[in-house]
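# Fold and geometry: a report
Here is what each chain is made of, one letter per residue.
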Amino acid sequence: MSRDESFYVTAAEDYAAWFELLARDPDAALAREAIDRAWDYNNEHPPLAKTAFAFSLLAHRHLGWFARESLAHRFPGMLAGGALLFLIYLFGARVFGRQAGVFAAVAFALLPRVFYHAHLNAFDVPIALMTTWTTYCYWRSLTKRRWAVMTGVAFGCALATKHNSWVLPGIYAIHFAWLTWNETHYRRAHPTLPPRVARVPYWLLAMALIGPALLVASWPWIWHDTLPRLGQYAAFHLRHEYYNMAYFGENYFQPPFPVSFPFVMTGYTVPFTVLMLAVLAIAERTRAVLPRAWLARLWPVGPVHADRRNTDVLFLGCLLAPMLMIALPSTPIFGGTKHWFPAYPFLCLYAGYGFVRLTRLLRPMFATRLPARVVLAAGEAPLRVSLAVVLLAPSALETVHSHPFGLSHYTYIAGGVPGAADLGMNRQFWGFTTGSVTGFLRQHLPEGGSVYVCDTTFQAMNMLVRDGDLPSNIRPTPDLAGADFVLVHHEHHFAEVEYQAWVAFGTRTPAHVLTYDGVPIVTIYENPRRRTRRSTTPP
């Protein structure tokens, strides 16, 4: 279990206890002391995902639905991942056609780092679902007013999931201003034709009224001292602490972070074929994002794919905004690629469009090489399926190969895992790889003992015990020098831990090294005092 997951497990347990109290004694549960006791922990994140984890935990405890407790905590995240695939298909089918929708959904499912995160009790895939859902509702509301209400509901759920949702009104406002400008130009040019889209922002009214109301209704912690606690929540993220991240050999602890980070990491972790299809699709549709009034002067030649809702402007906004937020020099240092996951559904939607275009371009070439009766009898289906298999095979291979080291995986553009290590890129974070050395610990601590667990939290170690992966007599300890074994997770800033183990144990020879494609991920050192005790203890 990863570091952040362990915090959300604790929060979900508190929430579950509160819901059980609410069922038994509503008056006691709604007292301020009970609310604060249950909902104060991890109040820097809103409650919706953790509430889902809590209900899944209750289903495990009372109905025995899951084989492992960690699976109960993670199941809502998996459901969110499945729902997001359907939503990507639906969005893609409506904008670019069903083939594009299917390809986009499968391409998203086969992004190695997304695949890893879709199996966690964390917020990154759920917020990608919520932002995509809100965008879909907003897009529908431009031509059907009743979808404005659903936009408000979806935005409220996004607000209650993670703070990434704060940028959505800005993205939609820019798109809507663009859309309104084009619509005004269209109406002047075609005064006798009916309007194509509404120029009244009903969606904004719904988001402003329903969104905050749903956030407050779903979060008991802000039922008391509402404004101060909302301010506390906002201040935490506006003045977020800095994490650290290795990037081309340098370990960054504070801004400014290189602007290139989200774009290079996307290139290094998203399979090449998906990236290329998306880039080709965006290049072909570039004229669609230009203002209609200026199109003849700016780019007079070429096809125009703009629709009445200016969907390309919206898609590019949703694709670029999450990355640009991380790229800003003033943004605190964060880890990994998960912080711009909300961009990836739109990247894959363009990849789906690129797949359809490539199929149509290749069809004449195949048609001239096959007998006409074969082409007529089979149609385009074999070509589409074959091309999809060829284009998605690298993603499938990358995803299979990334397990269980999803956060350590890099694609072939980076030279794979060894290439990324040579470049000095981050190998992991969250201490999630401790789960891969439980076999070594069980084998070498049959009588029990203590382990210095480096970046793994004690709660995460406890979940390994509750899941049956470790016996309860193997316990984590903060005492490095007194531990039987010391784990070193290979991140640049944990090099000091390895030096401390060398000094404390008087040796640089590890007891075990966990590698991924030959790259050290976790190194384990044995306390020589334990080795002495083991050699002098009669069998």
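The shown structure was predicted, so the numbers you read here are calculated from the model rather than taken from an experiment.

### As for the sheet that holds strand β5 (residues 485-489)
Pairing in this open sheet of 5 strands is mixed, and the strands run β4-β3-β5-β7-β6 from one edge to the other. Across the chains shown, the open sheet's two edge strands, defined by having one partner strand only, are β4 (474-476) and β6 (512-516). Across the sheet, the axes of successive neighbouring strands diverge by a mean angle of 20 degrees, strand direction being ignored. Sheet topology places β5 next to strand β7 (residues 519-526); 5 bridges connect them, and they run antiparallel. For V488, the partnering residue across the bridge sits in β7 and is T523.

### Section: unusual backbone geometry
Here the bond from P255 into P256 is cis, since omega is 0 degrees, no more than 30 degrees from zero. As for its placement among the helices and strands, P256 is situated in the loop between β2 (250-252) and α13 (261-269). Cis geometry marks the peptide bond from H403 to P404, where omega comes out at 0 degrees. With respect to the helices and strands, P404 occurs in the loop between α19 (381-402) and α20 (416-423). For F248, which is not a glycine, the phi torsion comes out positive at approximately 50 degrees.

### Notes on the pairing of β6
Here β6 runs beside β7; their pairing, made up of 5 bridges, is antiparallel. Bridge assignment links T515 to a residue of β7, and that residue is P520. The hairpin turn running from β6 into β7, its antiparallel successor, is 2 residues long, and D517 in that turn takes a positive phi close to 55 degrees.

### Considering the side chain of K50
Among the structural elements, K50 can be located in helix α4 (residues 48-63). No salt bridge forms around the buried K50; measuring N to O, its nearest opposite-charge neighbour E44 is 6.6 Å away. Within the structure, K50 has its side chain in polar contact with the side chain of Y15 (distance 3.4 Å). Apart from the residues within four sequence positions on either side, K50 is in contact with Y8, A11, A12, Y15, N42, H45 and F123.

### Digging into a nonpolar patch on the surface
Among the surface-exposed residues, W181, W294, L298 and W299 lie close enough to one another that they form a single nonpolar patch of about 420 Å² accessible area. With respect to the helices and strands, the residue W294 is situated in the loop between α14 (272-284) and α15 (295-298).

### Details of the state of the cysteines
Applying the stated criterion to the full structure yields 0 disulfides. Just so you know, C318 is unpaired, no disulfide at all, and the nearest cysteine sulfur is the one on C137, 12 Å from it.

### Looking at a positive patch on the surface
A cluster of basic residues, R94, K144, R146 and R308, forms a positive patch on the protein surface. Topologically, R94 is positioned in helix α5 (residues 69-95).

### Things to note about the packing of aromatic side chains
In total, this model carries 39 aromatic pairs according to the counting rule given. Centroid distance Y136 to W147: 5.7 Å. Interplanar angle 90 degrees. Geometry classified as edge-to-face. Taken as a pair, Y136 in helix α8 (residues 124-141) and W147 in helix α9 (residues 147-159) lie far apart in primary sequence, 11 residues in all. Just as Y136 is buried, W147 falls in that class too. Between W219 and Y233, the ring centres sit 5.2 Å apart and the planes meet at 85 degrees, which makes this aromatic pair edge-to-face. Within this pair, whereas W219 is found in the loop between α11 (202-218) and α12 (226-238), its partner Y233 is found in helix α12, the two being separated by 14 residues in sequence. One aromatic cluster in this structure is built from F91, F96, Y136, W139, W147, F315, F346, Y350 and Y353. Sitting over the face of the ring of Y410, R113 holds its NZ or CZ atom 4.9 Å from the ring centroid. For the cation-ring pair, R508 lies above W502, with the distance from its terminal atom to the ring centre recorded as 5.7 Å.

### Observations concerning α9
For α9, with 13 residues, the first-to-last C-alpha span of 18 Å sits near the 18 Å given by 1.5 Å per residue. The complete set of buried residues in α9 reads W147, A148, T151, G152, A154, F155, G156, A158 and L159. In the core, the buried residues of α9 are packed alongside α8, α10 (168-189), α11 and α12.

What counts, and at which threshold
Throughout, residues of each chain are indexed from 1 in the direction in which the sequence is written. Per-residue local features are limited, in this predicted model, to residues with pLDDT of at least 70; the limit for side-chain atom pairs, both in listing and counting, is 80 or more; totals at the level of whole chains, interfaces and linings are taken over all residues. Note that water and hydrogens are dropped before the side-chain values are worked out from all heavy atoms of the structure. Two strands make a pair as long as DSSP finds a minimum of two bridges between them. The numbering of helices and of strands both runs from the N terminus, where a helix is a DSSP run of H or I of at least 4 residues and a strand a run of E of at least 2. Note on method: axes are straight lines fitted to C-alpha atoms, helices fitted across the in-contact stretch only, with angles between N-to-C directions ranging 0 to 180 degrees. Exposure classes here rest on a 1.4 Å probe applied to the protein chains alone. A residue is buried below 20% of its type maximum, exposed above 50%, and partly exposed in between. Only four residue types enter the tally: Lys and Arg on the positive side, Asp and Glu on the negative side; His and the chain ends are excluded. A side-chain nitrogen of Lys or Arg and a carboxyl oxygen of Asp or Glu constitute a salt bridge if their distance falls within 4 Å. The definition of a polar contact used here is a pair of N or O atoms within 3.5 Å, where within protein one atom must be able to donate a hydrogen and the other to accept one, and adjacent residues in sequence count solely through side-chain atom pairs. Only heavy atoms matter for contacts: two residues are in contact if any of them lie within 4.5 Å across the pair. Like charges are joined within 9 Å and nonpolar side chains (Val, Leu, Ile, Met, Phe, Trp, Tyr) within 5 Å, but only among residues with over 30% relative accessible area and no salt bridge; these make up the patches. Per-residue and other accessible areas follow the Shrake-Rupley method at a 1.4 Å probe size, with only the shown protein chains counted as cover for residues. Cysteine sulfurs are considered disulfide-paired once they come within 2.5 Å of each other. Throughout, a charge is located at the NZ atom of Lys, the CZ atom of Arg, the CG atom of Asp or the CD atom of Glu. Centres within 6.5 Å make a pair out of two Phe, Tyr or Trp rings, where for Trp the six-membered ring is used; the pair is then stacked when the planes are under 30 degrees apart, edge-to-face when over 60, and tilted otherwise. Counting as a charge over the ring demands two things of the Lys NZ or Arg CZ atom: a distance within 6 Å of the ring centre and an angle within 35 degrees of the ring normal. Helices are assigned an expected span. That span is 1.5 Å times one less than the residue count.

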